[in-house]
Amino acid sequence: EVDFGAWTGCGWNDVEERFGMSAFDWLEHMENDEAMLDSLRPLLGPEGTLAIWVPAFPLLMSRYDRRIGHVRRYRRNDLRRLANRAGYEVDALFYRNLPGWFLWLAVARVGRRNPTRGRLVRAFDRWIVPFVAGIESRLPVPFGQSLVLVAHPRASSRPDAPSDHGTAPPPA
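The following paragraphs examine the structure supplied in this document. (Residues numbered from 1 in each chain as written. Predicted model: local features only at pLDDT ≥ 70, side-chain atom pairs only at ≥ 80, totals over all residues. Heavy atoms only, no water.)

1. Notes on the overall build of the protein chain
Next up, step 1: Of regular secondary structure, the protein chain possesses 7 helices and 4 strands.
Next up, step 2: When its helices and strands are written in sequence order, the protein chain yields α-α-β-α-β-α-α-β-α-α-β.
Next up, step 3: When the 172 residues of the protein chain are sorted by exposure, 41% land in the buried category.
Next up, step 4: Partitioning the intrachain contacts of the protein chain with sequence separation of at least 6 by distance along the chain shows that 75% fall at a separation of at least 24.
Next up, step 5: A total accessible area of about 10,100 Å² is found for the protein chain, and carbon and sulfur atoms account for 55% of it. (Helix = DSSP H or I, 4+ residues; strand = E, 2+ residues; numbered from the N terminus. Buried < 20%, exposed > 50% of the residue type's maximum accessible area, 1.4 Å probe, protein only. Contact = heavy atoms within 4.5 Å. Areas by Shrake-Rupley, 256 points an atom, 1.4 Å probe, with all protein chains shown as cover.)

2. Structural notes on the environment of Glu28
Next up, step 1: Summarising the element assignment, Glu28 is placed in the loop between strand 1 (21–24) and helix 3 (33–44).
Next up, step 2: In sequence terms Glu28 and Val54 are 26 residues apart; their C-alpha atoms lie 6.6 Å from each other.
Next up, step 3: Not counting chain neighbours up to four residues away, the residues in contact with Glu28 comprise Trp53, Val54, Pro55, Gly69, His70, Val71, Arg72 and Tyr74.

3. Description of helix 5 (residues 76–85)
Next up, step 1: For helix 5, the set of buried residues is Leu79, Leu82 and Ala83. What you see down the axis of helix 5 is that its buried residues fit within an arc of 95 degrees, all on one side.
Next up, step 2: Positive phi shows up at Gly87, right after helix 5, with a value of about 95 degrees. (Arc of directions from axis to C-beta.)

4. Some points on the nonpolar core
Next up, step 1: Grouped together as the largest cluster of nonpolar side chains are 28 residues, with contacts concentrated most on Leu27, Leu37, Ile52, Leu79, Tyr88, Leu147 and Leu149.
Next up, step 2: Counting residues in each nonpolar core, the second largest holds 5 residues, with Ala51, Trp53, Val148 and Val150 among its members. (Core = buried A, V, L, I, M, F, W, Y, C linked by side-chain atoms within 4.5 Å.)

5. Here we look at the packing of helix 6 (residues 98–110) against helix 7 (residues 119–136)
Next up, step 1: Packing of helix 6 against helix 7 brings their axes to within 9 Å, and their N-to-C directions diverge by 150 degrees. In terms of orientation, helix 6 and helix 7 fall into the roughly antiparallel class. Residues Leu98, Pro99, Gly100 and Leu103 of helix 6 pack against Leu120, Phe124, Ile128, Val132 and Glu136 of helix 7.
Next up, step 2: The class makeup of the residues in the contact of helix 6 with helix 7 is 7 nonpolar, 1 polar and 1 charged. (Axes fitted to C-alpha atoms, helices over the stretch in contact; angles between N-to-C directions. Parallel < 35°, antiparallel > 145°, perpendicular 65-115°, else oblique. Nonpolar A, V, L, I, M, F, W, Y, C, P; charged D, E, K, R; others polar.)

6. Points about a positive patch on the surface
Next up, step 1: The grouping of Arg63, Arg66, Arg67, Arg109, Arg112 and Arg117 at the surface amounts to a positive patch.
Next up, step 2: When residues in the positive patch are grouped by element, the largest group, 3 residues, is from helix 4 (residues 63–67).
Next up, step 3: Mapped onto the secondary structure, Arg63 falls in helix 4. (Patch = residues over 30% accessible without salt bridge, like charges linked within 9 Å, V, L, I, M, F, W, Y side chains within 5 Å. Salt bridge = Lys/Arg side-chain N within 4 Å of Asp/Glu carboxyl O. Lys, Arg positive; Asp, Glu negative; His and termini not counted. Charge placed at Lys NZ, Arg CZ, Asp CG, Glu CD.)

7. Notes on the pairing of strand 2 (residues 50–55)
Next up, step 1: For strand 2, a buried count of 6 out of 6 residues is recorded, marking the element as mostly surrounded by other parts of the structure.
Next up, step 2: Bridge count between strand 2 and strand 4 (residues 146–153): 6 bridges; the pairing is antiparallel. Counted as the bridge partner of Ile52 is Leu149 from strand 4. (Pairing = 2+ DSSP bridges.)

8. Concerning the packing of aromatic side chains
Next up, step 1: Tallied over the full model, the rule gives 7 aromatic pairs.
Next up, step 2: Taking 5.3 Å as the distance between ring centres and 15 degrees as the angle between the ring planes, the aromatic pair formed by Phe57 and Tyr95 counts as stacked. Pair noted here: Phe57 is in the loop between strand 2 and helix 4 and Tyr95 is in strand 3 (residues 88–96), with a separation of 38 residues, a long-range link.
Next up, step 3: Between Phe57 and Trp101 the ring centres are 6.1 Å apart and the planes differ by 85 degrees, which places this aromatic pair in the edge-to-face class. With Phe57 in the loop between strand 2 and helix 4 and Trp101 in helix 6, the pair connects residues that are 44 residues apart, well separated along the chain. Considered together, Phe57 and Trp101 belong to a single accessibility category, that of buried residues.
Next up, step 4: Within the aromatic cluster, the residues linked to one another by ring pairs are Phe57, Tyr95, Trp101, Phe102 and Phe143. (Phe/Tyr/Trp six-rings, centres within 6.5 Å; stacked < 30°, edge-to-face > 60°.)

Shown next, in the form of structure tokens:
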């Protein structure tokens, strides 16, 4: 089990206090990910923040990904554009788990094996993940197995935001 707070650089209690909604590994299962993100905005409220964790890099898409229902993996710029189209302002967008990128490539993509079972995975999760999480919460990495997005609804897309659509232009 991954501790979202540890991987993002804050404790779990901070995650619950800081984010209106946080979720792991679900958006990549949605056929229409933009519509899903759009549908979450009203649930966040006017001051809410969304924090999500998704698998990164289409290059890493494996048979295992497809078997567990992944429709896609994300690139950083694609996820930013998706969030913007769905009515969000991106507060943070960063990669996590740089060593996991190489292991996923070797085990799941090239080796075509289940990347979540075996002694190597248990050792990685027990010894490497806590070490890497500590480093990556302080230093940005250029790529990783996963992407973390933190965003809030754009003011103009919030249901309670004033709209200027349909109003007459100001008098000259």
